[in-house]
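Chains, contacts and geometry: an overview
Each chain is listed here by its residues.
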Amino acid sequence: MIDVFRFLLSIAFTLFGAALLMRAWMHGIRMHPFNPVARVLIQYTEWLVRPLRRVFPVHARFDWASLFGTWLTALIYLVLLILVVRQALPTLDMLPMIAGMALATMCKWALNLIIWLTLAQAILSWINPLAPIMPVLTTVTAPLLDPIRRIMPKTGGMDFSPLVLLVIAQVGMMLLVPYTGQ
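Read on for a plain summary of the structure.

Rules and cut-offs
Residues numbered from 1 in each chain as written. Predicted model: local features only at pLDDT ≥ 70, side-chain atom pairs only at ≥ 80, totals over all residues. Heavy atoms only, no water. Helix = DSSP H or I, 4+ residues; strand = E, 2+ residues; numbered from the N terminus. Buried < 20%, exposed > 50% of the residue type's maximum accessible area, 1.4 Å probe, protein only. Contact = heavy atoms within 4.5 Å. Salt bridge = Lys/Arg side-chain N within 4 Å of Asp/Glu carboxyl O.

What follows is about the overall build of the chain. Regarding its fold elements, the chain presents six helices and zero strands. Helices and strands appear in the chain in the N-to-C order α-α-α-α-α-α. In terms of overall dimensions, the chain has a C-alpha envelope of 55 × 35 × 30 Å along the principal axes. The buried share among the 182 residues of the chain stands at 39%. Partitioning the intrachain contacts of the chain with sequence separation of at least 6 by distance along the chain shows that 66% fall at a separation of at least 24.

Counting across every chain of the model gives six salt bridges. The residue Asp63 makes a salt bridge to Arg53 at a minimum N-O spacing of 2.6 Å. Note that Asp63 is positioned in the loop between helix H2 (36-53) and helix H3 (64-86) and Arg53 in helix H2, a separation of ten residues in sequence. Residue classification places Asp63 among the buried residues on the basis of a relative accessible area of 2%. Since its relative accessible area comes to 25%, Arg53 is described here as partly exposed. A salt bridge links Asp159 to Arg149; the shortest N-O distance between them is 2.8 Å.

What follows is the structure, encoded as structure tokens:
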């Protein structure tokens, strides 16, 4: 039963953390806030980000409130995970370690988000390149794929930059595993 609860906890917090990261990313790439995807993410995360904006105002390229909200979400997730597994709250001397693990978990969520967005864009570009979500996926992944495309141009009409990005993100996730405690 504990494994089921851990799984559900992981899904809920990962999805919310990904939404916060996506919100911060869309701010960074200057996606229009009236975009339907942006509106959903803003509506879904506003309850946490709005109060944090009083402490972390919006900066030109960085949405510090969303990023801090992601870290806070990861911190709460790890504390709940410890509570479920050990059936006791973590001690105060564990908090610095958990804070660092929350940062690593946040990075893991970001890399996971990169993997899913890149996969969705690559598959959709083969199946239905005119799908309504394609412009959003292209806008979101372009800042990550364009530097790879400059280094590695298309070969025989095939764009391998998504594959390279997937490999880089997966290697990053593998390097983060020891720091996430999962």
